[in-house]
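Chain by chain, the residues run as shown.
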Amino acid sequence: MRKRDLLTTALCLSALVMSSPAFAARVDYVDAAVSGNSYSITETTISGNSTEGMGGAYWFTDSNATSTERSPLNVAISNTVFENNQATGSGYGGVMYVANGTVNIDNGTFKTNTAGWDGGAISTRTPYGGTPDSGPKLVINNSLFESNEATVYSGGAIGLYSEAEINNTKFIGNNAGGHNPADSTDGGGAIYLGGWGQ
């Protein structure tokens, strides 16, 4: 199911419930080079979506992005529930994979989402340019991450490989199934910081 208007630079999903009794395909692959630099999700429930690989419900990217500066893509998410979404196989980001741009989340609820590899709810890409400001940015306020899981590797709730700001947010009962105390390359029941994660 897609909400895309190629004639505008602003996209909005509002007051919807996107779910399926069985797992459905990813909701949207958002490429700023095609659909514009603004995308919003508000007052919505996103549930029961599944993709093998990156982003169970969403993949945010910009095929015009350079390796030296952050993409102008801006994603605004508010008052939205994400539950029972999954990125299967060697999956990153049970709900979303953030490859480019800035994703702002306010009053989001992420529950029982899973990723096969990293970031039970969210995973971000390591900056191509080797500096934090050349990669994606994640801003989270007033949100809840509960019972999300990365079944094999790291980041039960978030696999963070780029810049982020997280404020007034609760992490409850998230799990990185691959945690091995003797191996510094995995773990992070709530958040895993890797690459340029900061």
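What you see as residue numbers is a count from 1 along each chain, following the sequence as written. Reporting of local features is limited, given that this is a predicted model, to residues whose pLDDT is at least 70; pairs of side-chain atoms are given and counted only at 80 or more, and all residues count toward the totals for whole chains, interfaces and linings. The basis for every side-chain value is the complete set of non-hydrogen atoms in the structure, without hydrogens or water.

## Thoughts on the overall build of the protein chain
Here is step 1: For helices the rule is a DSSP run of H or I covering at least 4 residues; for strands it is a run of E covering at least 2, with both sets numbered from the N terminus onward. Looking only at helices and strands, the protein chain features one helix and 21 strands.
Here is step 2: Type-normalised accessible area, obtained with a 1.4 Å probe on protein chains alone, sets the label of each residue: buried when under 20%, exposed when over 50%, and partly exposed for intermediate values. A burial count over the protein chain gives 50% of its 198 residues as buried.
Here is step 3: Partitioning the contacts of the protein chain with sequence separation of at least 6, the portion at a separation of at least 24 is 82%.
Here is step 4: Working definition of accessibility: Shrake-Rupley area with a 1.4 Å probe, residue cover restricted to the visible protein chains. Split by element, the accessible area of the protein chain, about 8,300 Å² in all, is 50% carbon and sulfur. In this analysis, two residues are considered to be in contact whenever any of their non-hydrogen atoms come within 4.5 Å of each other.

## What to know about the sheet that holds strand β9 (residues 86–92)
Here is step 1: Spatial strand order, β6-β9-β12-β16-β20: five strands in an open sheet with parallel pairing. Two strands bound the open sheet, and with one partner strand each, they are β6 (50–54) and β20 (175–176).
Here is step 2: For two strands to pair, DSSP has to find at least two bridges joining them. Pairing of strand β12 (residues 114–115) with strand β16 (residues 149–150) involves two bridges; the strand directions are parallel. Within the sheet, the bridge partner assigned to Ala115 lies in β16 and is Ala150.

## Observations concerning the packing of aromatic side chains
Here is step 1: Think of it this way: a Phe, Tyr or Trp ring, Trp meaning its six-membered ring, pairs with another when their centres are within 6.5 Å, and the plane angle makes it stacked under 30 degrees, edge-to-face over 60, tilted otherwise. Counted according to the given criterion, the structure contains twelve aromatic pairs.
Here is step 2: With a centroid separation of 5.6 Å and an interplanar angle of 5°, the aromatic rings of Tyr58 and Phe60 are classed as stacked.
Here is step 3: Overall, the relative accessible area of 0% leaves Phe60 in the buried class.
Here is step 4: The rings of Tyr29, Trp59, Tyr92 and Tyr97 are connected pair by pair, giving a single aromatic cluster.

## Looking at the nonpolar core
Here is step 1: To form a nonpolar core, buried Ala, Val, Leu, Ile, Met, Phe, Trp, Tyr and Cys residues must be joined to one another through side-chain atoms within 4.5 Å. Core analysis: the biggest nonpolar cluster contains 28 residues, and Tyr58, Phe60, Met96 and Ile122 have the highest contact counts within it.
Here is step 2: Setting aside residues up to four positions removed in sequence, Phe60 forms contacts with Val30, Tyr39, Leu73, Val75, Met96, Tyr97, Val98, Ala99, Asn100 and Val103.

## A few points about the sheet that holds strand β13 (residues 122–124)
Here is step 1: The strand order across the open sheet built from six strands is β3-β7-β10-β13-β17-β21, with neighbouring strands paired in parallel fashion. Edge strands, defined here as strands with exactly one partner in the open sheet, are β3 (28–31) and β21 (191–193). Pairs of neighbouring strands in the sheet enclose a mean axial angle of 10°, with direction left out of account. A fitted line through C-alpha atoms represents every axis, and for helices the fit uses only the stretch in contact; the resulting angles, taken between N-to-C directions, go from 0 to 180 degrees.

## A word on the pairing of strand β14 (residues 137–141)
Here is step 1: For β14, a buried count of four out of five residues is recorded, marking the element as mostly surrounded by other parts of the structure.
Here is step 2: Pairing analysis gives five bridges linking strand β11 (residues 102–111) to β14, with the strands arranged parallel. Bridge pairing in β14 places Thr102 opposite Lys137.
Here is step 3: Bridge count for β14 against strand β18 (residues 163–167) is five bridges, and the pairing is parallel. Of the residues in β18, the one forming a bridge with Val139 is Glu165.

## Some thoughts on the confidence of the model for the protein chain
Here is step 1: Confidence in the prediction of the protein chain, expressed as mean pLDDT, is 84, and 80% of residues score 70 or more.
Here is step 2: Segment residues 1–23 is flagged for pLDDT under 50; beyond a separation of four residues in sequence, or across chains, it makes 63 contacts in the model. pLDDT expresses, on a scale from 0 to 100, how confident the predictor is about each individual residue.

## Things to note about the pattern of salt bridges
Here is step 1: Counted as salt bridges are all cases of a side-chain nitrogen of Lys or Arg within 4 Å of a carboxyl oxygen of Asp or Glu. This model, assessed by the stated rule, comprises four salt bridges.
Here is step 2: Linking Glu163 and Arg70 is a salt bridge whose minimum nitrogen-to-oxygen distance equals 2.9 Å. Of this pair, Glu163 sits in strand β18 while Arg70 sits in the loop between β7 (58–61) and β8 (74–83), placing them 93 residues apart in sequence.
Here is step 3: The salt bridge partner of Glu165 is Lys137, with a shortest N-O separation of 3.0 Å. You can see Glu165 sitting in strand β18 and its partner Lys137 sitting in strand β14, a full 28 residues away along the chain.
Here is step 4: Given the relative accessible area of 36%, Glu165 is considered partly exposed.
Here is step 5: Looking at Lys137, the relative accessible area reads 16%, which means it is buried.

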